[in-house]
There are 2 protein chains.
Amino acid sequence: MTEQTLWNRTRQAVYDEIARTAMGLFLAHGFEATTIDEIAKAAGISRRSFFRYFGTKEDIVLGDLAAKGELARVALEARPDGEDPWTALRQAFHAIKDVAYDGETMLKVTRMMYETPSLRARHIEKHLQWQASLLPEVRRRLRADATDPLDVRAEALVACAITCLDVAGEAWARSNGAVTLPELFDSAAAALRP
Amino acid sequence: MTEQTLWNRTRQAVYDEIARTAMGLFLAHGFEATTIDEIAKAAGISRRSFFRYFGTKEDIVLGDLAAKGELARVALEARPDGEDPWTALRQAFHAIKDVAYDGETMLKVTRMMYETPSLRARHIEKHLQWQASLLPEVRRRLRADATDPLDVRAEALVACAITCLDVAGEAWARSNGAVTLPELFDSAAAALRP
DNA sequence: TGCCTACCTGGCACTGAGTGCCAACCAGGC
DNA sequence: GCCTGGTTGGCACTCAGTGCCAGGTAGGCA
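An unreviewed UniProt entry annotates chain A as TetR family transcriptional regulator of Actinoplanes palleronii.

A. Broad picture of helix 2 (residues 36–43) of chain B. All names here are of chain B. Residues of helix 2 that are buried: Ile-36, Ile-39, Ala-40 and Ala-43. For helix 2, the angular spread of buried residues about the axis comes to 95 degrees, placing them on one side. Among the residues trailing helix 2, Gly-44 stands out with phi positive, at a value near 75 degrees.

B. Structural detail: empty space enclosed by the protein. Scanning the entire structure with this criterion turns up one cavity of 30 Å³ or more. Computed from the structure, the largest cavity encloses a volume of approximately 370 Å³. Lining the largest cavity are 22 residues, with Ile-124, Thr-163 and Asp-166 of chain A together with Ile-124 and Thr-163 of chain B positioned closest to its centre. Secondary-structure elements contributing two or more residues to the lining of the largest cavity are helix 8 (117–142) and helix 9 (153–174) of chain A together with helix 8 (117–142) and helix 9 (153–174) of chain B. Classifying every residue of the lining of the largest cavity by side-chain character gives ten nonpolar, six polar and six charged.

C. Representation of the protein's contact with DNA strand C. Taken together, 17 residues sit near DNA strand C, with Ser-46, Ser-49 and Arg-52 of chain A together with Arg-47 and Arg-48 of chain B positioned nearest. The sugar-phosphate backbone supplies 44% of the atoms of DNA strand C found within 4 Å of the protein. Contacts to DNA strand C include Arg-48 of chain B, whose side-chain N or O atom sits 2.6 Å from a base oxygen. The backbone of Lys-57 of chain B places a nitrogen or oxygen atom 3.4 Å from a phosphate oxygen of DNA strand C. Those elements that provide at least two residues to the surface near DNA strand C are helix 1 (6–29) and helix 3 (47–53) of chain A together with helix 3 (47–53) of chain B. Per-class residue counts for the surface near DNA strand C are five nonpolar, five polar and seven charged.

D. Region of interest: the relation of the copies chain A and chain B. Mapping chain A onto chain B leaves a residual RMSD of 0.0 Å; the transformation is a rotation of 180 degrees accompanied by 0.0 Å of translation along its axis. In symmetry terms, the pair is related by a two-fold rotation axis. When the interface residues of chain A are mapped onto chain B, 100% of them again fall at the interface, so both copies present the same face.

E. Structural context of the interface of chain A and chain B. In this assembly, 32 residues from chain A lie in contact with 32 residues from chain B. In total, chain A and chain B occlude about 2700 Å² of area from one another, counting both sides; carbon and sulfur atoms represent 75% of this. Considering only the surface of chain A that becomes buried against chain B, Leu-150, Val-152 and Leu-192 of chain A emerge as the three largest contributors, covering 20% of it. The interface formed by chain A and chain B includes two salt bridges. Residue Arg-174 of chain A pairs with Glu-155 of chain B through a salt bridge whose shortest N-O separation is 3.8 Å. Our count for the chain A to chain B interface comes out at five residue pairs in polar contact (both at pLDDT 80 or more). Looking at the side of chain A that touches chain B, the elements that each hand over two or more residues are helix 8, helix 9 and helix 10 (181–192) of chain A. Within the side of chain A that touches chain B, the residues separate by chemical class into 21 nonpolar, four polar and seven charged.

F. Structural context of the protein's contact with DNA strand D. Around DNA strand D, 18 residues are found, and the nearest of them are Arg-47 and Arg-48 of chain A together with Ser-49, Arg-52 and Tyr-53 of chain B. With respect to DNA strand D, the backbone of Ile-36 of chain A contributes an N or O atom lying 3.2 Å from a phosphate oxygen. Within the side chain of Arg-47 of chain A, a nitrogen or oxygen atom sits 2.3 Å from a base nitrogen of DNA strand D. Taken together, the elements giving at least two residues each to the surface near DNA strand D come down to helix 3 of chain A together with helix 1 (6–29) and helix 3 of chain B.

G. Local environment of the UniProt feature "DNA-binding region" (unreviewed entry) in chain A. UniProt marks residues 35–54 of chain A with the feature "DNA-binding region" (unreviewed entry), using the numbering shown here. The span residues 35–54 of chain A is 75% helical and 0% strand by assignment, and the distance between its end C-alpha atoms comes to 14 Å.

H. Representation of the pattern of salt bridges in the model. All names here are of chain A. Under the counting rule described, the total for this entry stands at 34 salt bridges over all chains. Glu-77 is the partner of Arg-73 in a salt bridge, and the nearest nitrogen-oxygen pair spans 3.1 Å. Remark: Glu-77 and Arg-73 occur in helix 5 (residues 65–78); sequence separation between them is four residues, near one turn of the helix. Through salt bridges with shared partners, a single network forms among Asp-81, Glu-137, Arg-140 and Arg-141.

I. Examining the packing of aromatic side chains more closely. All names here are of chain A. In this structure the tally under the stated criterion is twelve aromatic pairs over all chains. Seen from their ring centres, Phe-26 and Phe-31 are 4.7 Å apart, and the 55 degrees between their planes marks the pair as tilted. We note that Phe-26, like Phe-31, is buried. Sitting over the ring of Phe-31, Lys-57 keeps its end group 4.8 Å from the ring centre.

Rules and cut-offs
- Residues numbered from 1 in each chain as written.
- Chains lettered and ligands numbered in written order.
- Predicted model: local features only at pLDDT ≥ 70, side-chain atom pairs only at ≥ 80, totals over all residues.
- Heavy atoms only, no water.
- Buried < 20%, exposed > 50% of the residue type's maximum accessible area, 1.4 Å probe, protein only.
- Helix = DSSP H or I, 4+ residues; strand = E, 2+ residues; numbered from the N terminus.
- Arc of directions from axis to C-beta.
- 1 Å grid on protein atoms, 1.4 Å probe; cavity = no way out; pocket = protein on both sides within 12 Å on 5 of 7 lines; lining within 4 Å.
- Points joined across faces, edges and corners; volume = space filled by probe spheres on them.
- Nonpolar A, V, L, I, M, F, W, Y, C, P; charged D, E, K, R; others polar.
- Near = heavy atom within 4 Å.
- Polar contact = N/O pair within 3.5 Å; in protein donor to acceptor, adjacent residues only side chain to side chain.
- Least-squares fit on C-alpha atoms with pLDDT ≥ 70 in both.
- Contact = heavy atoms within 4.5 Å.
- Buried area = accessible area lost by both parts, 1.4 Å probe.
- Salt bridge = Lys/Arg side-chain N within 4 Å of Asp/Glu carboxyl O.
- UniProt positions renumbered as here; feature names shortened; annotations may be inferred.
- Phe/Tyr/Trp six-rings, centres within 6.5 Å; stacked < 30°, edge-to-face > 60°.
- Lys NZ or Arg CZ within 6 Å of the ring centre and 35° of its normal.

Below is the structure:
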């Protein structure tokens, strides 16, 4: 982890402040309708400085997604060694929890994510990084040969598990929270193995 | 289908010419390194006119992907009624054939697609449209209730079938064509039901 | 105390994608 | 010959994102 110097703490505070401000604007006027100039102005920083904290506008919304992927990887590696890889993946994904906002806000943010094309695209892009980070462990469990061009079992399992999570997320956003995300995820995953 | 007036035929010819020219530039200098100004100049049209044929640079590469989705939908609807939905999806995807370029070029284009972030993102976006278009038929076969927020079986099946195709495509591009795409797709799909 | 270094900041200029608007053009129908 | 629908190029604009530079500020050190 990054050591907690004064610099880093200040930086983190500014980062959080920008994210908070921007999210408020997004929820009030929509993601696409909010320009980076507006965010910078509202957060009291220059446009140029904004890009020192966030590479793109999308990163504000999807910031902690990479961290969640690491959570899933750690959880997967903690699953018992003999467990069926697909089951292990399913269980590992239950370790992912959203704590950034309260339930109502989380629903709004999720809906925004699935409805805004550029956000949706970046979201999936981050999932591709999850895939890369989970792949080695699933390969190990399958005793798969990474050099065999025909053996795509590990890739397929990981990618489809993530896809199920995505399907569940979209259904959750549409359902207005009538059902829980883990419930939906299990329902999606079960559909593949009747 | 659009009726074949003189206007439409001319328009189609220009469209094809732009696509051909642009693809040549992409393969020669890379997708991101090629600007729209360069494409327009090489194709002998104005920058403004380019955007009347293609909404984005990515659409040049992914142009016929929507048509392929329709191909898959038609093939799915033609599968026998009693067939297991997952099997029907698998078989339907075998109807998708690439005929746009010769094998070697197709490999290069595919590799470019998987390696360029913006292309990859749009590619997945198009796949989301496939999902929407295939969903009703799979729901019908599952006798699924579209209003039940917990029933995500159809979504999961369609999305994962597409994901398998995507996994297969990436593996194919990486393998330099050592194995065929249908082979890889079957291998990926089989991994989910051992 | 004063200097040096590291890091941050705002501002400016630039590229490149994508859009709105307008004046000009051209083929076919009446 | 005129009208109409569709097209074209050009101009100006917005917005995202990057490179560069000059200035500030905190902390370490002599």
